[in-house]
Amino acid sequence: MKKYFSLVLFAHSVFALPFAMIGFFLGVTTTQHPFQWLTLVLVLLCMVFARNAAMAFNRYLDRDIDAKNPRTSMRDIPAGRISANEALIFVTINCVLFIATTAFINNLCLYLSPVALFVVLFYSYTKRFTALCHMVLGLGLALAPIGAYIAVTGEFNIVPVLYSFAVLFWVSGFDIIYALQDEEFDKGEKLHSIPSALGRKNSLRLSEALHVFSAVCVILPILFSPFSWAYYIGVAFFCSMLIYQHLLVKPNDISKVNKAFMTTNGLASVIFAGCFLLDAFLRTFLNF
């Protein structure tokens with residue numbers, strides 16, 4: 001189990017999982033659908049299975065590329081800790097478990113489950129033909145809030161869609177920053193990315209623009225739902241983390257990319273979701 005946790009980098013769930021909880025509790029607190037522990041557990045399982053399948057498939061498909069890149073050559077498959085066949089079997093098992101779990105939630109989740117899997121698995125191919133691969137990654141993680149909301153309600157709504165767009169722009173922006181590390185390698189291997197296509201300076205500008213859009217998308221729900229002071233604190237913190245990571249990474253200095261990628265964005269997601277949940281508790285139980 002330890003080697004498979006290493007394969008899928010379970011800690012990276014800190015990006016999408018908090019937004020899944022936002023979608024779930026948005027459905028519980030703003031509609032007539034009651035809180036159900038079983039539904040929450042099923043949503044969490046779907047998150048785990050989809051994450052496992054996506055990350056393991058990425059490692060499987062990129063195994064030869066990872067072996068050539070000094071930054072990734074010690075990943076589990078190139079390093080020989082997990083075989084390519086083991087990784088592919090792991091992907092298949094998690095895909096089956098994901099679809100099976102959605103069947104216990106509702107019909108809409110079941111019908112949309114192949115679409116969700118296609119998006120999260122297809123991302124691994126995109127760097128081979130388009131620099132928009134960062135947007136596809138963002139789209140995959142953006143399914144978390146709307147998917148969790150549908151699990152509760154069985155329907156769509158504008159507010160969870162706004163949170164999905166927030167994740168789309170946020171993840172796309174910080175993945176561009178992360179890809180700065182491989183700019184020269186991508187050019188040499190004829191792989192596509194925003195940094196290899198636009199260079200550092202223009203890539204960071206695009207990342208900044210995407211993060212502005214993300215900030216707008218976490219502010220817009222205020223127009224559709226009443227929120228307490230807790231939510232406003234969460235929005236302020238999320239936006240401050242977006243700004244902070246762009247202060248850490250400069251065109252002439254990308255030494256702090258990992259700090260910007262993992263620490264800053266992990267805190268942004270967790271604290272923002274925590275503030276959302278506190279807000280939901282205050283408004284639901286204390287009439288704030």
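Residues numbered from 1 in each chain as written. Predicted model: local features only at pLDDT ≥ 70, side-chain atom pairs only at ≥ 80, totals over all residues. Heavy atoms only, no water.

Enquirer: Any chance you could explain the side chain of Ser269 here in plain terms?
Expert: Within the fold, Ser269 resides in helix H12 (residues 257–285). A relative accessible area of 0% places Ser269 in the buried class. Excluding anything up to four places from it in sequence, Ser269 contacts Val14, Phe15, Pro18, Phe19 and Trp170. (Helix = DSSP H or I, 4+ residues; strand = E, 2+ residues; numbered from the N terminus. Buried < 20%, exposed > 50% of the residue type's maximum accessible area, 1.4 Å probe, protein only. Contact = heavy atoms within 4.5 Å.)

Enquirer: Got a minute to help me understand the environment of Val48 in this structure?
Expert: Tracing the sequence through the fold places Val48 in helix H3 (residues 37–61). Under the relative-accessibility criterion, Val48 is labelled partly exposed at 27%. Sequence separation between Val48 and Asn94 is 46 residues; the distance between their C-alpha atoms is 8.5 Å.

Enquirer: I keep staring at the side chain of Asn52 and nothing clicks. Help me out?
Expert: Position of Asn52 relative to the elements: it lies in helix H3. A residue is classified by how much of its surface remains accessible, and Asn52, at 9% relative accessible area, is buried. A distance of 3.1 Å separates a polar atom in the side chain of Asn52 from a polar atom in the side chain of Asn94. (Polar contact = N/O pair within 3.5 Å; in protein donor to acceptor, adjacent residues only side chain to side chain.)

Enquirer: Teacher, can you tell me more about the nonpolar core here?
Expert: The tendency in soluble globular proteins is for nonpolar side chains to be buried as a group. Of all hydrophobic cores here, the largest spans 85 residues; its most connected members are Tyr163, Trp170, Tyr231, Phe238, Val249 and Phe272. The greatest single-element share of this core, amounting to 13 residues, is contributed by H3. Here Phe238 is in contact with Phe19, Trp170, Ser214, Val218, Ala268 and Phe272, once residues within four sequence places are set aside. (Core = buried A, V, L, I, M, F, W, Y, C linked by side-chain atoms within 4.5 Å.)

Enquirer: I tried to follow helix H11 (residues 229–248) on my own but got confused; where do I start?
Expert: For H11, which comprises 20 residues, the first-to-last C-alpha distance of 29 Å matches the rise-based estimate of 28 Å (1.5 Å per residue) to within 8%. Within H11, burial applies to Ala230, Tyr231, Gly234, Val235, Phe238, Cys239, Met241, Leu242, Gln245, His246 and Leu248. Each element contacted by the buried residues of H11 is listed here: helix H2 (17–30), helix H8 (158–179), helix H10 (194–219) and H12. (Expected span 1.5 Å × (residues − 1).)

Enquirer: Got a minute to help me understand helix H7 (residues 133–153) in this structure?
Expert: Residues separated by three or four positions in an α-helix point in the same direction, a consequence of the helix having 3.6 residues per turn. Between the first and last C-alpha of H7 there are 31 Å, a value that for 21 residues agrees with the 30 Å anticipated at 1.5 Å per step. In the structure, H7 departs most strongly from a straight axis at Pro145, where the bend amounts to approximately 30 degrees. H7 sits mainly inside the fold: 17 of its 21 residues count as buried. Just past H7, the residue Gly154 takes up positive phi, approximately 75 degrees. (Bend = angle between axes of the 7 residues up to and from the residue.)

Enquirer: How do you make sense of the packing of aromatic side chains when you look at a structure like this?
Expert: In this description, an aromatic ring pair is defined by two values, namely the gap between the centres and the angle between the planes. Considering all chains together, one arrives at 23 aromatic pairs under this definition. Ring pairs connect the aromatic residues Phe15, Phe19, Tyr163, Trp170, Phe174, Phe227, Tyr231, Phe238, Phe272 and Phe276, which therefore count as one cluster. The ring of Tyr60 carries Arg63 above its face, with NZ or CZ at 4.3 Å from the centroid. (Phe/Tyr/Trp six-rings, centres within 6.5 Å; stacked < 30°, edge-to-face > 60°. Lys NZ or Arg CZ within 6 Å of the ring centre and 35° of its normal.)

Enquirer: Please clarify how the pattern of salt bridges should be interpreted in this entry.
Expert: Two side chains carrying opposite charge are able to pair once their charged atoms lie near each other. Counted according to the given criterion, the structure contains 10 salt bridges. The partner of Asp62 in a salt bridge is Lys127, and the shortest N-O contact between them spans 2.7 Å. Linking Asp62 in the loop between H3 and helix H4 (63–68) with Lys127 in the loop between helix H6 (107–126) and H7, this pair joins segments that are 65 residues apart in sequence. For Asp182, the salt bridge identified is with Arg71, shortest N-O distance 2.5 Å. (Salt bridge = Lys/Arg side-chain N within 4 Å of Asp/Glu carboxyl O.)

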